[in-house]
Amino acid sequence: MSKNTEKTSVISRFLNKDQTVGNIFAFPFIFGFVCFSFIPIITSFYYAFTDYSMGSKTATYIGAANFIKLLHDEIFIKSLGITLKYVLISVPLKLAFALLIAFVLTRKSRMVTVYRSLYYVPSLVGGSVAVALVWKQLFARKGLFNSVLAGLGLSTVNWFGDTKLALYPLILMTVWQFGSSMIIFAAGLKEIPTMYYEAARIDGAGAWQMFKSITIPCLSPIILYNLVMQTIQAFMAFTQAFVITGGGPNNGTMMYALNVYNQAFKYNHMGYACAMSWFMLVVMSIITLMIFKSSKFWVFGEGDDE
Amino acid sequence: MKAKIRIKKLIYHILVIAFGFVMIYPVLWMISGSFKDNAEILRGSLSLIPKNFKLANYTTGWSGFSGISFARFFLNSFVITAVATLGTVISSSLVAYAFARVEFKGRKFWFTCMLATMMLPGQVIMIPSFLIWYKLGLADSYVPLILPYFCGQAFFIYQMMQFMKGIPKELDEAATIDGCSKYAIYANIILPLLKPSIVTTVIIQFYWKWDDYMGPLLYLSKPESYTASLAIKMFADAASKTDYGAMFAMSTLSLIPVFLIFLIFNRYLVEGIGTSGLKG
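Residues numbered from 1 in each chain as written. Chains lettered and ligands numbered in written order. Predicted model: local features only at pLDDT ≥ 70, side-chain atom pairs only at ≥ 80, totals over all residues.

**A short note on the overall build of chain A**
Helix and strand counts for chain A stand at 14 helices and zero strands. Ordered by position in the sequence, the α and β elements of chain A form the string α-α-α-α-α-α-α-α-α-α-α-α-α-α. Projected onto the principal axes, the alpha-carbon positions of chain A cover approximately 90 × 65 × 35 Å. Sorting the 306 residues of chain A into buried and exposed places 39% on the buried side. When contacts within chain A are restricted to residue pairs at least 6 apart in sequence, those whose partners lie at least 24 apart make up 71%. (Helix = DSSP H or I, 4+ residues; strand = E, 2+ residues; numbered from the N terminus. Buried ≥ 20, exposed ≤ 12 C-beta atoms within 10 Å, placed from the backbone. Contact = placed C-beta atoms within 7 Å.)

**Observations concerning the overall build of chain B**
Scanning chain B from terminus to terminus reveals 14 helices and zero strands. Ordering the α and β elements of chain B from the N terminus gives α-α-α-α-α-α-α-α-α-α-α-α-α-α. Relative to a compact globule of 280 residues, whose C-alpha radius of gyration would be 19 Å, chain B shows 24 Å and is clearly more extended. Here chain B, with 280 residues, has 40% of them falling under the buried criterion. Contacts in chain B between residues far apart in sequence, at least 24 positions, make up 75% of those at least 6 positions apart. (Rg over C-alpha atoms; globule rule 2.2 N^0.38 Å.)

**Section: the packing of helix H6 (residues 129-138) of chain A against helix H1 (residues 2-33) of chain B**
Pairs of packed helices are described in terms of their axes, by the angle between the two and the distance that separates them. Put simply, H6(A) and H1(B) touch, their axes get as near as 10 Å, and they point 95° apart. As the angle between them shows, H6(A) and H1(B) are arranged roughly perpendicular. Along the contact surface, H6(A) presents A:Ala130, A:Val131, A:Val134, A:Trp135 and A:Leu138, while H1(B) presents B:Pro26, B:Trp29 and B:Met30. When its residues are assigned to classes, the contact of H6(A) with H1(B) shows eight nonpolar, no polar and no charged. (Axes fitted to C-alpha atoms, helices over the stretch in contact; angles between N-to-C directions. Parallel < 35°, antiparallel > 145°, perpendicular 65-115°, else oblique. Nonpolar A, V, L, I, M, F, W, Y, C, P; charged D, E, K, R; others polar.)

**A closer look at the confidence of the model for chain B**
Residues and elements named next belong to chain B. Looking at chain B, the pLDDT average stands at 87 and 94% of residues meet or exceed 70. A low-confidence stretch, residues 275-280 stays under pLDDT 50, and its non-local contacts, those more than four residues away or across chains, total 14 contacts. Among the prediction metrics, the complex's ipTM stands at 0.85, with pTM recorded as 0.88. (pLDDT = per-residue confidence, 0-100.)

**Structural notes on the domain arrangement of chain A**
Taken domain by domain, chain A comprises domain 1 (3-47) and domain 2 (72-298). Each of domain 1 of chain A and domain 2 of chain A has a C-alpha centre, and the two are 39 Å apart. (Domains from an automatic or database assignment.)

**Points about the domain arrangement of chain B**
All names here are of chain B. Taken domain by domain, chain B holds domain 1 (2-60) and domain 2 (64-275). For domain 1 and domain 2, the distance between their C-alpha centroids amounts to 32 Å. Tallying the contact residues gives 13 residues for domain 1 and eight residues for domain 2. Going through the elements one at a time, H1, helix H2 (38-42) and helix H3 (56-62) are the ones with two or more residues in the side of domain 1 that touches domain 2. Classifying every residue of the side of domain 1 that touches domain 2 by side-chain character gives five nonpolar, five polar and three charged.

**Section: unusual backbone geometry**
Residues and elements named next belong to chain A. Despite not being glycine, asparagine 250 has its phi angle at roughly 50°, a positive value. Inspection of the secondary structure assignment puts asparagine 250 in the loop between helix H12 (239-245) and helix H13 (256-266). The phi torsion at asparagine 268 lies on the positive side, around 55°, for a residue other than glycine. Tracing the chain through its elements places asparagine 268 in the loop between H13 and helix H14 (270-298).

**Points about the interface of chain A and chain B**
Counting residues at the interface gives 74 residues for chain A and 70 residues for chain B. Among the elements that make up the side of chain A that touches chain B, the one with the highest residue count is helix H2 (residues 18-47) of chain A (20 residues). A breakdown of the residues in the side of chain A that touches chain B according to their chemical character gives 50 nonpolar, 19 polar and five charged.

**Thoughts on the packing of helix H4 (residues 70-101) of chain B against helix H8 (residues 154-165) of chain B**
Residues and elements named next belong to chain B. The contact between H4 and H8 brings their axes to 8 Å, and the two run at 50°. Here H4 is positioned oblique relative to H8, judged by the angle of their axes. Along this stretch, H4 crosses H8, giving a crossing that reads as right-handed. Of H8, the residues touching H4 (which contributes Thr88, Ser92, Ser93, Val95, Ala96, Phe99, Ala100 and Arg101) are Phe156, Ile157, Met160, Met161, Met164 and Lys165. Of the residues that constitute the contact of H4 with H8, the class distribution is nine nonpolar, three polar and two charged. (Left-handed = near helix turned anticlockwise from the far one by under 90°.)

**Describing the confidence of the model for chain A**
Caution applies to low-pLDDT parts of the model: their predicted coordinates are not meant to be read in detail. Model confidence for chain A is summarised by a mean pLDDT of 87, while 96% of its residues fall at 70 or above. This stretch, residues 302-306 of chain A, has a pLDDT under 50; its non-local contacts, to residues over four places away or in other chains, come to three contacts.

**A word on the environment of A:Cys218**
In this fold, A:Cys218 is placed in helix H11 (residues 207-235). For the pair formed by A:Cys218 and A:Gly143, sequence separation is 75 residues and the distance between their alpha carbons is 43 Å.

**As for the environment of B:Tyr97**
Along the polypeptide, B:Tyr97 turns up in helix H4. Sequence separation of B:Tyr97 and B:Lys135 is 38 residues, and the distance between their C-alpha atoms is 34 Å. Those residues in contact with B:Tyr97 that sit more than four places away from it in its chain are A:Phe25, B:Val102, B:Tyr186 and B:Ile190.

This is the structure in C-alpha cells:
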C-alpha cells in the first residue's frame, strides 16, 4: 500500500469521527454565537462602565456612573413604566384572543382553513412599516377611528396628541397581530384527544367547563411557550413607536427599545445606551425566570416528551 | 331540530367572517387608499371604494426619491431577503443535524447556548454589534444584514430539530450499514425529508427579513442602498406635505411578495408549525 492512500485513509477516518462531524456541522452556529452574540454581549458589558461615544478614540472607565444616572433619568423611568404597561396589557390580551379564536376555529369545516388564513393576515404584515403608517392614519385626528366615533355620536379623540391615550393605539396594533400565536394554539388543539371531550360530555360537562378543565390544561405547555416568546417580543417593540409616534407626545410612547436607540444613535451616548441594554437584559431574565418558575403551578405534563 | 343546527351554523359563519373582515379592514383600507387622492384619504372616509380612481399614485410613488426609483429599493430588499433566507436554510439545517443526530462533545453546551440566544432580545446586542461592524469598516454595507444569517437562526434550528425527531433513526442506521458517511446521510436522507420544515423556514424568514426595519435603519445610510421599508418611511419624513396616495401605493406593492408567498405556501405554514410540534 502506498503512503499516499494511507494518509487519505487517516484523513477520512478523522473526518468521519462523530466528534469531527459534529463540530463541522455545528460550526456555523459556534462561529455565529461567538462573533454575533457572545462578543457583542461582553463588549456591551464593558462599554456600560465607560463614557464611550462614537468618534471618540478612547473609552474612559467611569465605574457604575451610568447605572446611577439611570436611576435619576426621568425619561428612562418613564419609558420603563410605559413599556411595562404595554407588555402587561398587550400580551395577555393577545394570547387570550389567539386562544379564543383558535378554539372557535376548531370546527370541522372546509372554510376553517380560509378563516385561519384571514385572521393570520395581520401577523403577516403587521411588522411592516407600511402597516404602521396605515395605523398612524387610522388614528389621526380626522382618521377613520374618529369618523366611527363621530358616526356613533361620540366625541372624537386626539389619539396621538394625548400623553395618556397615545399608547393604546399601539397596544391595539399589537393585539391585532394575534395570528401567529393562534396558529400555534390551533396546532396544539388538534393534538388533544377527542375522547377527553366525549368523556366529559357523557359526564354532563358544559362548554365552558370543558374549556377550563380540558383545553387549558392540555394546552398549558404551548401557553407557556407563547407567553415567554410574546413577552420578550413585546419588551423590545420598536418599529411601531418609531414610525407612528416617534415616542411622543411628551414621551408618552417612549418604548424602552426606542429610548435605547435614541440614546445611542441620536445623542451618541453609546456607553449609557449599553448600560440601558444591560439593565433590560437583567429585568427580562428575571421576568422570564419568574414565568418559568411559576409554570410549575399551572403547566401540566412538562417533561413527558423528554 | 335540523333547521336549528343549520341556523346556528350560519350564524357561526357570519360572525367569523364579519370579525375577520374587521381584522383585515386596515389592510383593505390601505389598498383602496392607494387609489384615492390625498384629500379623500385625509378626510378619514370609511369607504373602500375610491371616489376618483387614481392610478397615478403608483407612477408618482414608483419614481421614488432623488432620482432613485422604487425598482432599486425593491431590488435591494429582494437581494438582502433572498440571500439571508438562503443562508438561514443552509446553516440552520446543518446545525440542526449536528444537534439532533450526531454524538459529539460539547453538543449539550452549544445546544444550551442556542436556547439562550432564542431568548436573547436582539436589541441588547444591537449597539455593540453596530460598533463592531463600524470598526471593521462594514457598517454601511449589506454584510451586517446578511452574514449573521449564515450562522444558523436559533428559532429555525430548534424547529428543524423537532422535525428531525420524527424521522426514524433506523434510516440512519441502515444507511450506515450500507457504508454511508454522516455527510451522505445528511445530504441524501435528512435533507430531502426535511422539506416541509424547510418550506416553513423559508416563508417565515422571508417575511421577517422583508419587513425588517430596524436592521436597514441602523446599517444603511446611502439612499441607493435603501430597502423598500426604509424608502416607504421616507414618504412620511418628507419635508413637504406627505403624499399619502403614493405612500399607500408603494406600501401595497411592498406587501405583494409577502402575500404571494403566503398564498402559495399557506398549507405548509399552518401544517409546518403544527408538525414541528412546539411541545418541546
